[in-house]
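In case you want the letters, here they are:
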Amino acid sequence: SSLAMPPIAHRHQTPEAQPPTNALHTDSPRGIHARLMTLAKGWGSRGSGLGLADCVTADDSASGQGALPSYAGEVRYEFLPPSSSRSLTVLLSTNDITSTAIPTDHQQEKRRKMTAYSITGGPASRPSKSTSNLFFQALQQIGGRSQITTERLFTLLVHIRLAASFHSQQTRVAAVERRLHALLAALYAHQSHDVLVGYFYAQQELCGELADLIRPTVSSSAVSSSCTSLSRRKRGVRG
């Protein structure tokens, strides 16, 4: 319930006759925490070439975006419909997710200024379709909204949003930020210690990936220059 309430400062500055209510109030704490853990999932692990640092530092070139595993930018979501024993699968390929419209010169120049790298051809230079567009495309694949439960619907939406955000550096960075926010909220609010332990146990490389994100980058040339300066100072002291 603490996640559903406005901040204390807001409640002091803007008193309300009745407590605010939203979807978080109508859902159980268990359901809210489960959704946080769903939002805390990523594309893959460092061992599969999808470490957090790799995903946020790879640019949109063939040697950047092109070197990342392409399956992370696709949706394959299998589930059981209500009152059915036969599973359904949502399949959205890279071509399904990315728009066929090529950005104009003005759009490319704007993105180049924002991201400070050159944009080359390929799927990464095509913007992804909107989440809502892909969401309704997925519902059409499975035969409509009635084929999937509300909880599965939320998970499908998260899968779609994550895959759609994989196709440019700017959207990958935003997706990683959302994941970390969800994980931080879960660490503060989740009522089950075992669930959190299981999350990190299932992703044993995650702590190392988090360290990679905050570790300062030191180039080999800088290290060489520092060693040379230190050597000169040592010789000066001896002399």
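Let us look at the structure shown here. None of the values given here were measured: they were computed from a predicted structure.

Topic: the packing of helix α3 (residues 29-39) against helix α9 (residues 169-189)
Then comes step 1: The geometry of α3 relative to α9 is characterised by a closest axis approach of 8 Å and an angle of 145° between their N-to-C directions. For the pair α3 and α9, the sense of crossing is left-handed. Contacts between α3 and α9 pair His33, Leu36, Met37 and Leu39 from the former with Arg179, Ala182, Ala185, Ala186 and Ala189 from the latter.
Then comes step 2: Class assignment for the residues of the contact of α3 with α9 results in 7 nonpolar, 1 polar and 1 charged.

Points about unusual backbone geometry
Then comes step 1: We note that serine 83 has phi near 60°; this positive angle belongs to a residue other than glycine.
Then comes step 2: Position of serine 83 among the secondary structure elements: in the loop between β1 (75-79) and β2 (88-92).

Here we look at the packing of aromatic side chains
Then comes step 1: Per the stated rule, a full pass over the model turns up 4 aromatic pairs.
Then comes step 2: When the ring of phenylalanine 135 is compared with that of phenylalanine 136, the centres are 5.8 Å apart and the planes differ by 65°; the resulting orientation is edge-to-face.
Then comes step 3: Under the relative-accessibility criterion, phenylalanine 135 is labelled buried at 14%.
Then comes step 4: The ring of phenylalanine 154 carries arginine 35 above its face, with NZ or CZ at 4.6 Å from the centroid.

Focus: the side chain of arginine 172
Then comes step 1: Here arginine 172 shows up in helix α9.
Then comes step 2: Buried and unpaired, arginine 172 has aspartate 60 as its nearest opposite-charge partner, separated by 4.3 Å.

So, how was this worked out
- Residues numbered from 1 in each chain as written.
- Predicted model: local features only at pLDDT ≥ 70, side-chain atom pairs only at ≥ 80, totals over all residues.
- Heavy atoms only, no water.
- Axes fitted to C-alpha atoms, helices over the stretch in contact; angles between N-to-C directions.
- Helix = DSSP H or I, 4+ residues; strand = E, 2+ residues; numbered from the N terminus.
- Left-handed = near helix turned anticlockwise from the far one by under 90°.
- Contact = heavy atoms within 4.5 Å.
- Nonpolar A, V, L, I, M, F, W, Y, C, P; charged D, E, K, R; others polar.
- Phe/Tyr/Trp six-rings, centres within 6.5 Å; stacked < 30°, edge-to-face > 60°.
- Buried < 20%, exposed > 50% of the residue type's maximum accessible area, 1.4 Å probe, protein only.
- Lys NZ or Arg CZ within 6 Å of the ring centre and 35° of its normal.
- Lys, Arg positive; Asp, Glu negative; His and termini not counted.
- Salt bridge = Lys/Arg side-chain N within 4 Å of Asp/Glu carboxyl O.

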